[in-house]
Amino acid sequence: MRAGFIGAGKVGFTLGRYFAENNITVTGYYSKNPESSKAAADFTDTRSYNTLENILEDSDTLFLTVPDGQIEKVWDYMKDLDIKNKNICHCSGSMSSATFFNAEKTGARVYSVHPLYAISDKWNSWKTLHKAYFTVEGTESGIEAVKELISSCGNKVIVMNNEKKALYHGAAVAASNLVIGLLNLSSKLLVSCGFEKEDAEKALSSLFAGNALTAAEKGAAEALTGPVERNDISTVEKHLHSLSQSGIPKNAKEIYRLLSMELIEIAEEKHPDRNYYGLTEVLKNEEHSNDI
């Protein structure tokens, strides 16, 4: 395949360099901002194109690495060009290949190709992208070729149904973004205990990072510690009581309760010999007390 990129932001930089380093032919970049496409081309030792038509001529696979809100606009222009037998891919986590409306009339094959990875640095994220899973969905007739393109770099690729794309993205947000909200909540609770905000964040950093690393390397069950795993009902009750006090962030107790219910499922798998019925009842009863 000869892969070209429309859009020269973090994702375009990262995928282009990653593909090039893995011996995939990258033709170059087109962007509304010529300086951006020139920088990306220099970074990947490829070409900067002045028109979308020119990069289409040189590429059989196009990656639209533009902001989500621009994908339909770019496609609206592209669909009237000669894109027959081209692979047109976007890299949005939340949008499916259905974004390429009326694709069947153009003769193009359309896909969403998403790295399950936080690309935060356009200059360096490519170095660790080999750790990422990718998801692909789209035109069935050519999806194995797109899967093979990514797999050739050494990445695991999951082919999925486009109807599951929103749920998939929600799962990614929970692991990548919502966990940051949980960390921020923990920091607020320490501030309520007398910590300065900066000290609270620093104090939690090693605890958070260490457990996240264990979970990533060994799985959730191996990373699970604490009162829920120990079936320590008394400690959990004390936590729930303390989270009911005035001055505690709103919904903190309910977040604690719901996540503890999730942890019980993991604990039961890890310790099938333990009976977590009493702890489950405590947490369920707390749900009813919240309704009063």
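A. Spotlight on the side chain of His114. Relative to the assigned elements, His114 resides in strand β6 (residues 109-115). For His114, a relative accessible area of 12% corresponds to the buried category. A polar atom in the side chain of His114 sits 2.5 Å from the side chain of Tyr168.

B. Spotlight on the packing of aromatic side chains. Across all of its chains, the model carries 8 aromatic pairs by this definition. When the centroid spacing of 5.4 Å and the interplanar angle of 20 degrees are considered together, the rings of Phe5 and Phe63 count as stacked. Here Phe63 lies in strand β4 (residues 61-64) and Phe5 lies in strand β1 (residues 2-6), a separation of 58 residues in the sequence. Note on Phe5: relative accessible area 0%, which makes it buried. Under the relative-accessibility criterion, Phe63 is labelled buried at 0%. The aromatic ring of Phe43 is capped on one face by Arg17, whose charged end is 4.7 Å from the ring centroid.

C. Fine view of the pairing of strand β5 (residues 87-90). Taking every second residue as pointing to the same face, both faces of β5 are buried, with Asn87 and Cys89 on one and Ile88 and His90 on the other. Direction of pairing for β4 relative to β5: parallel, over a ladder of 4 bridges. Within β5, the position partnered with Thr61 by the bridge is Asn87. Viewed along the sheet, the connection from β4 through helix α4 (residues 68-78) into β5 turns out right-handed. Two elements, β5 and β6, share 4 bridges in a ladder whose sense is parallel. Its bridge partner lying in β6, Asn87 is registered against Arg109.

D. Structural detail: the side chain of Asn87. Structurally, the position occupied by Asn87 is in strand β5. Those residues within four positions of Asn87 in sequence are excluded, and the remaining contacts are Met1, Asp60, Thr61, Leu62, Arg109 and Tyr111.

E. Structural context of the layout of surface pockets. Empty space within the largest pocket amounts to approximately 1,800 Å³. As for the largest pocket, its lining consists of 38 residues, of which Leu182, Ser186, Asn211, Leu259 and Leu263 are closest to the centre. For the lining of the largest pocket, the element with the most residues is helix α6 (residues 165-192), which contributes 11 residues. Counted by class, the lining of the largest pocket contains 29 nonpolar, 8 polar and 1 charged residues. Taken as a whole, the second largest pocket encloses approximately 940 Å³ of empty space.

Cut-off values and rules
Position numbers for residues start from 1 in each chain and track the written sequence from start to end. At least 70 in pLDDT is required for a residue's local features to be given in this predicted model, at least 80 for side-chain atom pairs to be given and counted, and no such filter applies to totals for whole chains, interfaces and linings, which use all residues. Each side-chain value is derived from all of the structure's non-hydrogen atoms; neither hydrogens nor water enter the calculation. Only runs of H or I of at least four residues qualify as helices and only runs of E of at least two qualify as strands under DSSP, and these elements are numbered from the N terminus. Buried residues are those whose accessible area, probed at 1.4 Å on protein chains only, stays under 20% of the maximum for their type, while exposed residues exceed 50% and partly exposed ones sit between those limits. Nitrogen and oxygen atoms within 3.5 Å of one another constitute a polar contact, given that in protein one can donate a hydrogen and the other can accept it, and given that sequence-neighbouring residues count only through two side-chain atoms. To pair, rings of Phe, Tyr and Trp, with the six-membered ring standing in for Trp, must have centres within 6.5 Å; the planes then decide the type, stacked if under 30 degrees apart, edge-to-face if over 60, and tilted in the middle. Each ring is checked for a lysine NZ or an arginine CZ that lies within 6 Å of its centre and within 35 degrees of its normal; such an atom marks a charge sitting over the ring. A pair of strands is labelled paired if DSSP reports no fewer than 2 bridges between them. With strands facing away from the observer, any crossover in which the path from the first strand over the helix to the second runs clockwise is taken as right-handed. Throughout, a residue-residue contact means that at least one pair of heavy atoms, one from each residue, lies within 4.5 Å. We place a 1 Å grid over just the protein atoms. Points where a 1.4 Å probe fits but has no way out form a cavity, open points with protein on both sides within 12 Å along at least 5 of 7 lines form a pocket, and any residue with an atom within 4 Å of a point lines it. Grid points are joined across faces, edges and corners, and a volume is the space filled by probe spheres set on the points. Here the nonpolar group is Ala, Val, Leu, Ile, Met, Phe, Trp, Tyr, Cys and Pro; Asp, Glu, Lys and Arg are the charged ones; every other residue, Gly included, is treated as polar.

Read these as layout, nothing more, since geometry by itself doesn't imply function.
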